[in-house]
Amino acid sequence: MPELPEVETVRRGLLPAMEGRVIERAEVRRGDLRFPFPERMADRLTGVRVIGLRRRSKYILADLSTGDTLLIHLGMSGRMLVSGRVLGDFHHDHPAPTKHDHVVLDMEGGARVTFNDARRFGAMDLVSTDTAEDHWLLRDIGPEPLGNAFDETYLTGRLAGRMTPVKAALLDQKLVAGLGNIYVCEVLHRAGIDPRRKAGRIAAARAATLVPLIRAVLAEAIEAGGSSLRDYRQADGELGYFQHAFRVYDREGEPCPTPGCGGRVARIVQSGRSTFFCPRCQR
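Residues numbered from 1 in each chain as written. Predicted model: local features only at pLDDT ≥ 70, side-chain atom pairs only at ≥ 80, totals over all residues. Heavy atoms only, no water.

Can you explain the side chain of Glu186? Please cite residues and give values.
Turning to its location among the elements, Glu186 is positioned in helix H5 (residues 181-191). Notably, Glu186 is buried but unbridged: the nearest opposite-charge side chain belongs to Arg247, and the N-O separation is 5.3 Å. In this structure the side chain of Glu186 is engaged in a polar contact, spanning 2.9 Å, whose partner is the backbone nitrogen of Tyr249. (Helix = DSSP H or I, 4+ residues; strand = E, 2+ residues; numbered from the N terminus. Buried < 20%, exposed > 50% of the residue type's maximum accessible area, 1.4 Å probe, protein only. Lys, Arg positive; Asp, Glu negative; His and termini not counted. Salt bridge = Lys/Arg side-chain N within 4 Å of Asp/Glu carboxyl O. Polar contact = N/O pair within 3.5 Å; in protein donor to acceptor, adjacent residues only side chain to side chain.)

Explain helix H1 (residues 4-18) to me, using residue names and the numbers behind them.
For H1, with 15 residues, the first-to-last C-alpha span of 20 Å sits near the 21 Å given by 1.5 Å per residue. A large share of H1 lies buried, amounting to eleven of its 15 residues. Along H1, the positions that sit buried rather than exposed are Leu4, Pro5, Glu6, Val7, Glu8, Thr9, Val10, Arg11, Leu14, Ala17 and Met18. Just downstream of H1 lies Gly20, where phi reads positive at about 80°. (Expected span 1.5 Å × (residues − 1).)

Which residues make up the packing of aromatic side chains, and what values do they have?
Applying the stated criterion to the full structure yields four aromatic pairs. Here Phe246 and Tyr249 contribute two aromatic rings whose centre-to-centre distance is 5.5 Å and whose plane-to-plane angle is 75°, an arrangement assigned as edge-to-face. Under the relative-accessibility criterion, Tyr249 is labelled buried at 13%. Taken together, Phe246, Tyr249 and Phe276 form an aromatic cluster joined through their ring pairs. (Phe/Tyr/Trp six-rings, centres within 6.5 Å; stacked < 30°, edge-to-face > 60°.)

If you had to explain the sheet that holds strand S5 (residues 79-83) to someone new, which residues and values would you point to?
One open sheet holds the eight strands; their spatial order is S5-S7-S6-S1-S2-S3-S4-S8, and the pairing between them is antiparallel. Each edge of the sheet is formed by a strand with only one pairing partner; in this case those strands are S5 and strand S8 (123-128). Sheet twist, expressed as the mean angle between neighbouring strand axes with direction ignored, is 30°. The sheet contact formed by strand S4 (residues 68-73) and S8 spans six bridges and is antiparallel. (Pairing = 2+ DSSP bridges. Axes fitted to C-alpha atoms, helices over the stretch in contact; angles between N-to-C directions.)

So, the state of the cysteines: which residues are in play, and what are the values?
For the structure shown, the criterion picks out zero disulfides. Its sulfur unpaired, Cys261 is 3.5 Å from the next cysteine sulfur, which belongs to Cys278. Sulfur of Cys281: no disulfide; nearest cysteine sulfur belongs to Cys256 and is 3.6 Å away. Judged by its relative accessible area of 22%, Cys281 falls in the partly exposed class. (Disulfide = S-S within 2.5 Å.)

How would you summarise unusual backbone geometry if you had to cite specific residues and measurements?
Outside of glycine, negative phi angles account for most residues, and trans bonds account for most peptide bonds. Notably, Arg120 is not glycine yet its phi reads approximately 60°, a positive angle. Residue placement: Arg120 occurs in the loop between strand S7 (112-116) and S8. At Ser271, a position not held by glycine, the phi torsion is positive, near 50°. Positionally, Ser271 belongs in the loop between strand S9 (266-270) and strand S10 (273-277).

Before we move on, could you go through the packing of H5 against helix H7 (residues 210-223) and cite the residues and values that matter?
Packed helices, taken two at a time, are described by their axes: the angle between them and the distance between them. Direction vectors running N to C along H5 and H7 enclose 130°, while the axes themselves pass 9 Å from each other. Compared by their axis directions, H5 and H7 come out oblique. In this structure, H5 meets H7 at a crossing whose hand is right-handed. Along its contact with H5, which presents Tyr183, Glu186, Val187, Leu188, Arg190 and Ala191, the element H7 presents Leu210, Leu213, Ile214, Ala216, Val217, Leu218, Glu220 and Ala221. A class-by-class count of the residues in the contact of H5 with H7 yields eleven nonpolar, no polar and three charged. (Parallel < 35°, antiparallel > 145°, perpendicular 65-115°, else oblique. Left-handed = near helix turned anticlockwise from the far one by under 90°. Contact = heavy atoms within 4.5 Å. Nonpolar A, V, L, I, M, F, W, Y, C, P; charged D, E, K, R; others polar.)

For the side chain of Asp68, give the residues involved together with the corresponding values.
With respect to the helices and strands, Asp68 occurs in strand S4. Reaching out from Asp68, the side chain makes a polar contact with the side chain of Arg44 at a distance of 3.4 Å. Leave out the neighbours within four places in its chain, and Asp68 touches Arg44, Ala62, Asp63, Leu126, Val127, Ser128 and Thr129.

Could you give an account of the packing of helix H3 (residues 152-159) against H7, naming the residues involved and the relevant values?
Close contact between H3 and H7 brings their axes to 9 Å; oriented N to C, the two are set at 110°. Relative to H7, the element H3 lies roughly perpendicular. Across from Glu152, Leu155 and Leu159 in H3, the residues of H7 making contact are Leu210, Val211 and Pro212. Looking at the contact of H3 with H7, its residues break down into five nonpolar, no polar and one charged.

Let's hear about the pattern of salt bridges: which residues, and what values?
Per the stated rule, a full pass over the model turns up 19 salt bridges. The partner of Arg29 in a salt bridge is Glu27, with the nearest N and O atoms 3.1 Å apart. For Arg29, a relative accessible area of 34% corresponds to the partly exposed category. Relative accessible area serves as the criterion here: at 23%, Glu27 is assigned to the partly exposed category. The partner of Arg49 in a salt bridge is Glu108, with the nearest N and O atoms 3.5 Å apart. Taken together, the positions of Arg49 in strand S2 (residues 48-56) and Glu108 in the loop between strand S6 (101-107) and S7 put the pair 59 residues apart, joining distant regions of the chain. The exposure class of Glu108 is partly exposed, given its relative accessible area of 29%. A network of salt bridges, in which partner residues are shared, links Glu8, Arg11, Arg12, Arg54, Arg55, Arg56, Asp63, Glu133 and Glu144.

Next up, the structure:
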């Protein structure tokens, strides 16, 4: 499933096509994805201007001139693809529709934004902009890891006393928004912390070092356009490249990249997910 860097990359890719532009025609080609679409969604989107595009955790929020917000979740295989011409950046014609193109937005200026989702685990909803943060998908999410509310004091306080493995704690969306399996593995390797360690037994000073590392890993991944694993693509159809910078994720059996370590990357399963780490230098 796309994590924060992938969703942020898609949001940025959609900006020139959508922000400040009118949805001249919206087409909804099925009744639902993971959940039913809201009633009359095509009518409620057609002729409406997109005021702004923002991200909350792994969700894209398009604020509209009607006072509504279009909430978008990519799910496991969802893609928001841009075709047509946008400020000279896109020159290819619109591709022929496919059976997995479920929502199509023809934008002012000639761009087309298509929500393609082969597995149909994605979602779209229309909510009031004023109460969007109270939506049932968003209301319990923790602070953004790149925001000011996520700092050393907050994280050490939330980890204190927790007897779950530190990896599971960092994956808890109520603790911090948007972190997923890939980037938590990478952060814990940089921190030299064993993913199996109980979160509450990590010294506060050491736990505090996770905050700048989380921000650094996410910033690097966003700069690289995310990590292209399985179905993920950017809004222009291009691949992300951060997977080439992975230190441990999906590198089972390879030498640990930590200078002087000499260990090899191992894989274990935690809560049904693969964890990659170095048993020698992560303690």
